[in-house]
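Listed below, chain by chain, are the residues.
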Amino acid sequence: MSAHLRIVRGDATPEEIAALVAVLAARHAEPEPLPPRRRQTWRNPARAMRKPVAPGKSAWRTSALP
């Protein structure tokens with residue numbers, strides 16, 4: 001596929017044409033892949049679940065802690 005650029009009106013300088021070609025080439029380029037996002041654990045709903053309470057000394061205290 002060959003792309004053609006034709007100036008219809010005006011008097012474009014070579015620098016202006018080069019800038020236009022650079023913008024058009026960048027628009028059709030593939031975007032850079034984003035780095036993988038780390039999972040944020042502070043909003044993980046599993047944090048709200050408490051561990052099973054084991055019977056024994058101070059079990060009442062651990063029953064209220066997450």
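## Observations regarding the overall build of the protein
Logical step 1: Counting its secondary structure elements, the protein contains two helices and zero strands.
Logical step 2: For the protein, buried positions account for 2% of its 66 residues.

## Focus: a nonpolar patch on the surface
Logical step 1: A grouping of L5, I7, I17, L20, V21 and L24 is seen on the molecular surface, where their side chains present a nonpolar patch of about 450 Å² in accessible area.
Logical step 2: Given a relative accessible area of 38%, L24 falls into the partly exposed group.

## Considerations on the environment of K51
Logical step 1: Within the element layout of this structure, K51 appears in the loop between helix 1 (14–28) and helix 2 (59–62).
Logical step 2: For the pair K51 and T62, spaced 11 residues apart in sequence, the C-alpha separation works out to 9.1 Å.

Rules of the game
Residues numbered from 1 in each chain as written. Predicted model: local features only at pLDDT ≥ 70, side-chain atom pairs only at ≥ 80, totals over all residues. Heavy atoms only, no water. Helix = DSSP H or I, 4+ residues; strand = E, 2+ residues; numbered from the N terminus. Buried < 20%, exposed > 50% of the residue type's maximum accessible area, 1.4 Å probe, protein only. Patch = residues over 30% accessible without salt bridge, like charges linked within 9 Å, V, L, I, M, F, W, Y side chains within 5 Å. Areas by Shrake-Rupley, 256 points an atom, 1.4 Å probe, with all protein chains shown as cover. Salt bridge = Lys/Arg side-chain N within 4 Å of Asp/Glu carboxyl O.

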